[in-house]
Amino acid sequence: MQAANPTVLVVGASGRFAGLVVPELVRRNATVRALVHDPANAEKARMLGASEVATGDLRNRRSLESAIEGVAGVFHIGPAFAPDEAAMGVAMVEAAAQAGVQKFVFSSVIQPTNTKLKNHASKVPVEDALYSTTMEYTILHPANFMQNIAAAWPSVVEHGVFSEPFPKTAKVARVDYRDVAEVAAIALTEARLSYATIELCAGMHSREEIASIMGEELGRPVFAGEPTFAEWAANARLPYSDLQMQLLAKVFGHYAHCGLGGNSLTLRAALGREPRSLRGFIRNLALQTAHAT
């Protein structure tokens, strides 16, 4: 039987994505124990709703065992494009299983078996490790995050161009990570998503379509840019190593050739409502811009 007020360990609870899981869990009366790598992020995790904070390192098994002691559930998302992401995820699964954790939710990626993309393939060993435990796992396969559009929004407002380094006609599946966070919280506090593997996608759009929506919501033209990867990377200024940037370039190369497919059926079923739309996400960005001026 699921505990009425389970304690859930949230990996990266002060981060851009896992941080969205924390308030969803609190809303469902879970006690959140945040796992942070840097103690300086402890206060941020508490502000999001975490009532406990553990400092740990996904590369240090002993610190994981300490952080996980006494929790009923774990939410895990790996560091983006880390070369040892798989090993870190497997270590968390093993530590959780050994500690007797009941529920484990893994934020994986859409199409993890697309092994030509190393950041996709790195999720497969973690999923495989979960299948070899007795924990109630739920595996989430989210599409490209709409929050990545938010990161580009200031440039869109300033220059009137939304740029990504692949053809503007390529259609890419996207999802609002707030919906992913809600599904994760449901899985960690209820039984209905136990043992489910769920593709999480709100829809597919080309950059031409996205730029058109941006223009409509801003009330002025926005154009779809097609920079080279080098040009885009210079403007994005991501905190990635050369290796991580190479992996990201391969992802965008895949989008150039194939786009990214996705279907909203399972996300709608898991939420019990319509997913947050791309237009709604962009409308909120535009409203924030209007209020700031």
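The chain is annotated in an unreviewed UniProt entry as NmrA/HSCARG family protein from Mesorhizobium calcicola.

Draft legend 1. Layout of the side chain of Glu-24. Structurally, Glu-24 is set in helix α1 (residues 18-27). Not counting the four nearest positions on each side in its chain, Glu-24 is found in contact with Ala-181, Glu-182 and Ala-185.

Draft legend 2. Fine view of the nonpolar core. Grouped together as the largest cluster of nonpolar side chains are 54 residues, with contacts concentrated most on Val-10, Leu-25, Phe-75 and Val-183. Examining the composition of this core, we find that nine residues originate from one element, helix α8 (residues 177-189), more than from any other. Once you skip the residues sitting within four places of it in the chain, Val-183 turns out to touch Leu-140, Leu-193, Ile-198, Leu-200, Leu-267, Ala-270 and Leu-271. Leu-64, Ala-91, Met-92 and Ala-95 belong to the second-largest nonpolar core, a separate cluster that totals 27 residues.

Draft legend 3. Seen up close, the UniProt feature "domain: NmrA-like" (unreviewed entry) in the chain. UniProt annotation of "domain: NmrA-like" (unreviewed entry) refers to residues 6-223 when read in the numbering used here. From the first C-alpha to the last, residues 6-223 spans 47 Å; its make-up is 41% helix and 22% strand.

Draft legend 4. Broad picture of the sheet that holds strand β10 (residues 197-200). Read across the sheet, seven strands follow the order β3-β2-β1-β4-β5-β6-β10 without closing on themselves; strand pairing throughout is parallel. Two strands lie at the open edges of the sheet, namely β3 (52-55) and β10, each paired on one side alone. Strand-to-strand twist of the sheet, defined as the mean angle between neighbouring strand axes without regard to direction, takes the value 20°. Where strand β6 (residues 136-142) lies against β10, four bridges are found, and the strand directions are parallel. Residue Ile-139 lies in a different strand from β10, and its bridge partner there is Thr-197.

Rules used throughout
- Residues numbered from 1 in each chain as written.
- Predicted model: local features only at pLDDT ≥ 70, side-chain atom pairs only at ≥ 80, totals over all residues.
- Heavy atoms only, no water.
- Helix = DSSP H or I, 4+ residues; strand = E, 2+ residues; numbered from the N terminus.
- Contact = heavy atoms within 4.5 Å.
- Core = buried A, V, L, I, M, F, W, Y, C linked by side-chain atoms within 4.5 Å.
- Buried < 20%, exposed > 50% of the residue type's maximum accessible area, 1.4 Å probe, protein only.
- UniProt positions renumbered as here; feature names shortened; annotations may be inferred.
- Pairing = 2+ DSSP bridges.
- Axes fitted to C-alpha atoms, helices over the stretch in contact; angles between N-to-C directions.

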